[in-house]
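Per-entry structural report
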Amino acid sequence: MNVRTLCLSVLYEGEATGYDIRRMCTEGEFAYFVEASFGSIYPALAKLEDDGLVTSRTVPQDGKPARKVYSITDAGREAFAEELSAPLGEDVFRSPFLLLARFVSILPQDLVANRVSEHLDRLTAERQQLDQMRPEDECSPADCWVLNYGREVLGVAEKYLRTHMHELINLSRADERKDAAE
């Protein structure tokens, strides 16, 4: 999935500005699908508009610059369905934490213990955030399925880290005085 498809998915649910799309991609319900920056969202929206898949209107604001609000067209809805019908690409998973884990042997134990704790706190917070999203009775069956999938994935990662964190910490250097570059 690309930024174009992501923009169409947000607009399929209702009108939005580029800022709204970015916010939903970083902290909202679309944050788990595709990473998108302002530098990729606005060109995608411009191209979608040129292609007749979205329209925009300018909304004035008191004391602020006008907002450009985008809406999906019928052609955009059809294009979105076509893009969803295409073969899926592979899921992308990148983790700075796993890079740290890969090279844990060059790091001091206290540092590793702190990073493990921080990562565990992040996993727990992300899972709790999903737990607080839409009560089951307010979401569509598909939304509930996606939320439950996310909860399970984060729950398994959290459980594994809690169970095996000491193994990772023990793989690090006990001698705090040595420089990691040695």
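What this report covers is the structure whose coordinates are included nearby. (Residues numbered from 1 in each chain as written. Predicted model: local features only at pLDDT ≥ 70, side-chain atom pairs only at ≥ 80, totals over all residues. Heavy atoms only, no water.)

Let's talk about the nonpolar core
- Cys 7, Leu 8, Leu 11, Ile 21, Ile 41, Leu 45 and Leu 48 are the most contacted members of the largest nonpolar core, which has 21 residues in total.
- The set of elements that each furnish at least two residues to this core consists of helix H1 (3-13), helix H2 (18-26), helix H3 (38-50), strand E3 (64-72) and helix H4 (74-85).
- Broken down by element, the residue count for this core peaks at 6 residues, all from H1.
- Here Ile 21 is in contact with Cys 7, Val 10, Leu 11, Ala 16, Ile 41 and Leu 45, once residues within four sequence places are set aside. (Core = buried A, V, L, I, M, F, W, Y, C linked by side-chain atoms within 4.5 Å. Buried < 20%, exposed > 50% of the residue type's maximum accessible area, 1.4 Å probe, protein only. Helix = DSSP H or I, 4+ residues; strand = E, 2+ residues; numbered from the N terminus. Contact = heavy atoms within 4.5 Å.)

A closer look at the environment of Leu 100
- Mapped onto the secondary structure, Leu 100 falls in helix H5 (residues 96-102).
- In this structure Leu 100 touches Leu 107 and Arg 115, once residues within four positions along its chain are discounted.

Section: the side chain of Thr 73
- Within the fold, Thr 73 resides in the loop between E3 and H4.
- A polar side-chain atom of Thr 73 sits 2.8 Å from the main-chain carbonyl oxygen of Gly 52.
- When near neighbours in sequence (up to four residues on either side) are disregarded, Thr 73 contacts Gly 52, Leu 53, Val 54 and Thr 55. (Polar contact = N/O pair within 3.5 Å; in protein donor to acceptor, adjacent residues only side chain to side chain.)

A few points about the side chain of His 119
- Here His 119 is to be found in helix H6 (residues 109-132).
- Using a relative accessible area of 15% as the deciding quantity, one classes His 119 as buried.
- Filtering out sequence-adjacent residues up to four positions away, His 119 remains in contact with Phe 97 and Leu 161.

Some points on the pattern of salt bridges
- Taken as a whole, this structure holds 11 salt bridges when the rule is applied.
- For the salt bridge of Asp 51 with Arg 4, the shortest nitrogen-to-oxygen distance reads 3.5 Å. One end of the pair, Asp 51, is in the loop between H3 and strand E2 (54-61); the other, Arg 4, is in helix H1, and 47 residues separate them in sequence.
- On the accessibility criterion, Asp 51 (35% relative accessible area) is partly exposed.
- Across the salt bridge formed by Glu 158 and Arg 127, the nearest N and O atoms sit 2.6 Å from each other. One end of the pair, Glu 158, is in helix H7 (residues 141-170); the other, Arg 127, is in helix H6, with 31 residues separating them in the sequence. (Salt bridge = Lys/Arg side-chain N within 4 Å of Asp/Glu carboxyl O.)

So, a nonpolar patch on the surface
- On the surface, Trp 145, Val 146, Tyr 149 and Val 153 cluster together into a nonpolar patch covering about 430 Å² of accessible area.
- Its location among the elements puts Val 153 in helix H7. (Patch = residues over 30% accessible without salt bridge, like charges linked within 9 Å, V, L, I, M, F, W, Y side chains within 5 Å. Areas by Shrake-Rupley, 256 points an atom, 1.4 Å probe, with all protein chains shown as cover.)

Concerning the sheet that holds E3
- Across the sheet, 3 strands lie side by side as E1-E3-E2; this open sheet has antiparallel pairing. Of all the strands in the sheet, the pair left with one neighbour each is strand E1 (16-17) and E2.
- Here E2 runs beside E3; their pairing, made up of 7 bridges, is antiparallel. Looking at the pairing, Val 59 lines up with Arg 67 of E3. (Pairing = 2+ DSSP bridges.)

Some words on H3
- If you check H3, its first and last C-alpha atoms are 18 Å apart, about what 13 residues at 1.5 Å a residue would give, namely 18 Å.
- Every buried residue of H3 is listed here: Ile 41, Ala 44, Leu 45 and Leu 48. Buried residues along H3 cover an arc of 100 degrees about the axis, so they all sit on one side. Opposite the buried face of H3, at more than 90 degrees from it, the exposed residues are Gly 39 and Asp 50.
- Close packing links the buried residues of H3 with H1, H2, E2 and E3. (Expected span 1.5 Å × (residues − 1). Arc of directions from axis to C-beta.)

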